[in-house]
Amino acid sequence: MNARGPLADAFLSALIALGLFAPMVGLETHVGAHGIALAPRPLAVAALVGAVFVLRLAVRLWQARPHRAAAGPGAARARLAAALGGTKRFLIPTLLAIAVVMPFLASRATIDLGILMLTYVMLGWGLNIVVGLAGLLDLGYVAFYAVGAYSYALIAQATGLGFWSCLPASGVLAALWGITLGFPVLRLRGDYLAIVTLAFGEIIRIVLLNWVSLTGGPNGISGIPRPTLFGLRFTMTDGPGTFAGFFHLAPSPTHRVMFLYYVILGLALLTNWVTLRLRRQPLGRVWEALREDEIACRSLGINVTTTKLTAFAVGACFGGFAGAFFATRQGFISPESFTFMESATVLAIVVLGGMGSQLGVVLATLVMIGGPEMFRPLADYRMLIFGLALVVMMVLRPRGLVTERRPSIMLGAAARAAPLALAAEEVG
Amino acid sequence: MAAEDAMPLLAVRRLGMRFGGITALDDLSFTARRGEITAVIGPNGAGKTTAFNCITGFYRPSSGELSLTRPDGGSYALAKMPGHLIARRAGVARTFQNIRLFAGMTVLENLLVAQHIPLMAATGFGILAILGLGHYRRAERQAVEKAKSWLERIDLLARADDPAGSLPYGAQRRLEIARAMCVDPVLLCLDEPAAGLNPSETAELGALLLRIRAEGCSLLLIEHDMNVVMRISDHIVVLDRGRKISDGTPAEVRADPHVIAAYLGEDDESADDLAPEVVP
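Residues numbered from 1 in each chain as written. Chains lettered and ligands numbered in written order. Predicted model: local features only at pLDDT ≥ 70, side-chain atom pairs only at ≥ 80, totals over all residues. Heavy atoms only, no water.

This part takes up the confidence of the model for chain A. Overall, the predicted model of chain A reaches an average pLDDT of 84, with 90% of residues at or above 70. Below pLDDT 50 for its whole length, residues 415–428 of chain A participates in 7 contacts with residues either more than four positions away or in separate chains. (pLDDT = per-residue confidence, 0-100. Contact = heavy atoms within 4.5 Å.)

Looking now at the environment of Thr38(B). All names here are of chain B. As for its placement among the helices and strands, Thr38 is situated in strand E3 (residues 37–41). Remark: the alpha-carbon pair of Thr38 and Leu219, spanning 181 residues in sequence, is separated by 6.1 Å. Among all residues touching Thr38, those that are not within four sequence positions of it are Thr31, Ala32, Arg33, Leu219, Leu220, Leu221, His235 and Val237. (Helix = DSSP H or I, 4+ residues; strand = E, 2+ residues; numbered from the N terminus.)

All names here are of chain B. Non-glycine residue Asp27 carries a positive phi angle of around 55 degrees. Mapping Asp27 onto the fold places it in strand E2 (residues 22–33). Owing to a relative accessible area of 40%, Asp27 belongs among the partly exposed residues under this scheme. (Buried < 20%, exposed > 50% of the residue type's maximum accessible area, 1.4 Å probe, protein only.)

The next thing to look at is the sheet that holds strand E8 (residues 218–222) of chain B. Paired through their backbone hydrogen bonds, the strands of a sheet run either parallel or antiparallel. All names here are of chain B. Read from one edge of the open sheet, 6 strands run E6-E7-E8-E3-E9-E10, paired in mixed fashion. Edge positions in the sheet fall to strand E6 (92–94) and strand E10 (243–248), since each of these pairs with one other strand and no more. This sheet shows a mean twist of 20 degrees between the axes of neighbouring strands, independent of strand direction. As paired strands, strand E9 (residues 235–240) and E10 are joined by 5 bridges and run antiparallel to one another. The partner of Leu239 across the bridge, within E10, is Lys244. Helix H7 (residues 169–181) contacts E6 and strand E7 (187–191) of the sheet and is inclined by roughly 155 degrees relative to E7. The sheet strands contacting helix H11 (residues 257–264) are E3, E9 and E10, and the helix crosses E10 at an angle near 130 degrees. (Pairing = 2+ DSSP bridges. Axes fitted to C-alpha atoms, helices over the stretch in contact; angles between N-to-C directions.)

Our next topic: the interface of chain A and chain B. Each side of the interface is counted separately: chain A has 35 residues, and chain B has 42 residues. Together, the buried faces of chain A and chain B total about 3,300 Å²; carbon and sulfur atoms form 66% of this surface. Looking at the side of chain A facing chain B, the largest losses of area belong to Arg298(A), Leu300(A) and Leu411(A), adding up to 21% of the total buried there. With a closest N to O distance of 2.9 Å, Arg100(B) and Asp293(A) form a salt bridge. At the level of elements, helix H10 (253–279), helix H11 (282–292), helix H12 (294–299) and helix H17 (413–427) of chain A are the ones that each hand at least two residues to the side of chain A that touches chain B. Among the elements that make up the side of chain A that touches chain B, the one with the highest residue count is H11(A) (7 residues). (Buried area = accessible area lost by both parts, 1.4 Å probe. Salt bridge = Lys/Arg side-chain N within 4 Å of Asp/Glu carboxyl O.)

With that settled, the discussion passes to the pattern of salt bridges. Residue and element names in this part refer to chain A. Enumeration according to the criterion identifies 29 salt bridges over all chains in this entry. We note a salt bridge from Asp112 to Arg329, for which the minimum N-O separation is 3.8 Å. Taken together, the positions of Asp112 in helix H4 (residues 108–133) and Arg329 in helix H13 (residues 304–330) put the pair 217 residues apart, joining distant regions of the chain. Classification of Asp112 as partly exposed rests on a relative accessible area of 25%. On the basis of relative accessible area, Arg329 is assigned to the buried category, the value being 18%.

Glancing now at the side chain of Gln115(B). Residues and elements named next belong to chain B. Within the fold, Gln115 resides in the loop between helix H3 (107–114) and helix H4 (116–122). On the basis of relative accessibility, which here comes to 5%, the residue Gln115 falls in the buried class. One polar contact links the side chain of Gln115 to the main-chain carbonyl oxygen of Leu111, over a distance of 3.3 Å. In contact with Gln115, not counting residues within four places along its chain, are Ala143, Lys146, Ala147 and Cys182. (Polar contact = N/O pair within 3.5 Å; in protein donor to acceptor, adjacent residues only side chain to side chain.)

Residue and element names in this part refer to chain A. Considering all chains together, one arrives at 14 aromatic pairs over all chains under this definition. Seen in terms of ring centroids, Tyr145 and Phe338 are 5.5 Å apart; in terms of plane orientation they differ by 80 degrees. Their pairing is edge-to-face. Remark: Phe338 occurs in the loop between strand E4 (332–333) and helix H14 (340–353) and Tyr145 occurs in helix H5 (residues 142–159); sequence separation between them is 193 residues. For the pair shown, Tyr145 and Phe338 are each scored as buried. For the ring pair Phe326 and Phe338, a centre distance of 5.8 Å and an interplane angle of 75 degrees mean the geometry is edge-to-face. Taken together, the residues Phe326 in helix H13 and Phe338 in the loop between E4 and H14 connect sequence positions 12 residues apart. (Phe/Tyr/Trp six-rings, centres within 6.5 Å; stacked < 30°, edge-to-face > 60°.)

And the structure:
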């Protein structure tokens, strides 16, 4: 490709653009007097083809610019990685601080968006255990989200228990489903595992849709109890037993939204804390080893079966927590909320963030969930810009936003001083 | 070195392995004695790696028995054990012909994963350790110390925090052996450990293997490099086309006309005509 001149290359690109845009943009349908009529739009096509030509030429010329010394793109990338490592030190506390104070400063709509994003962060962190650490490609993560949501809704309706009493049960039930799914698919790897998990996600949704006597089918379940703060309810009155009444505040719907925000923030941080702790322990380390080489794991006496099951169960458990939160936040759930699109979005967050990176999940959620909301004023063009942004990002950072892996244990300074001596030996 | 009365550690009896119509191993019997280095040699396709995979539980043999003597005098029937228990309970660790390290993880992490079983037992199913309870910290310190002692032995202490995949080839081979040794095996099975090493690395490898034997671990070794095999082995088993054609000390095997025939590609009839004197 580089053998062709930039001009010829740009011309070829323009030709392809012409072929694509001539029918798609160049012909507009009008509802005329005698049915639908076609109106040609040559100017629009010419403008697009011209833009493609100019852009392609610019890209080629930029690529062909003389490289500075021997540095090249490798060194530039290393510098970028170092800069990212530096920013990481204050990026995490900054993000956390913004997350904590945000509800006091932002509008209600922004807090709602914050809740949505934190839900996806939590789901992303949960799936990161399965996909990022253990390397098991799971396309049906939404199943556990649905199990958690329906578990909470059904248990709460049957027993009258509140959110906090039902939350552990939702997590445990989702984990049980994780193990149930895990058993038959343990022998599968990669693409095959992905297909089976995808099917599992759909099975759960279709069962929820058709088991009308239990789940209400497409009508869903409504009137799910809202969460309380140590028994204090969030209502529009300031009577006894309500949040506003206890703290002598004017009743406001914002209180509940803010409370929900902090609940999901807490749950997400719990997920993160558990994952980070597990990563530094034998279980987390063996998950990563499993991702690297399953056969070698077996040769070291590691039971691959149970290790995979623990990854499925822990990931599913956090998916279940997130599902219970979703149910209590919405007050209403139906199978429509648990489509394959959700699994795909969460998986995209994990992959885009960089497999196994906790910070990557947060950044990717900002892009994937925050991005489309930010571009909402651009109406129809927002999905175009969103798609373009994703393509550009995957071209620039093909292995995800955060690719560096932090070792789970370091030997320390004494050992790190020695490599210099070794390097000197190699040079000398 | 090879004591005639050494205890048998691994007994392979009438081992057979068929893949569809292909017979990879046919009625193979040999023993590996405790405290010895037993080498399995033979031309390409002789069934050496198949035998290894049967012994280490990666294949289930079509016929025959594999028994490993337990310290208390009983024995493990390896052919009937689930794969991961062969390493965990019977103490048979192995390396691979094409190195299988956890390439993205650091050298130290590789050695800690090998000590997963004792470490996991100390974490109380992971729950106690998440909360910082239990004696996990002490167990981890001990595991790191053990890893460090192995890193010193294989001269990789300085690279402990580097990804295993970034090491030079020879170092990766040594690391894989150290990782297998962190399982505390009674029998270490090495599949072509000298493949791709330069002469000085091969010499170091020989010294390392002799040291492992001196510390009480028995070794079973597949190797093509005859210098290594003849120098360090106590006992050699020669395979050809799935059968054992010779078994004995290096000197005996070197003088066996069947072995020479197999390596030079002569057929069995002419092997009998070959005089032992022509052996280099």
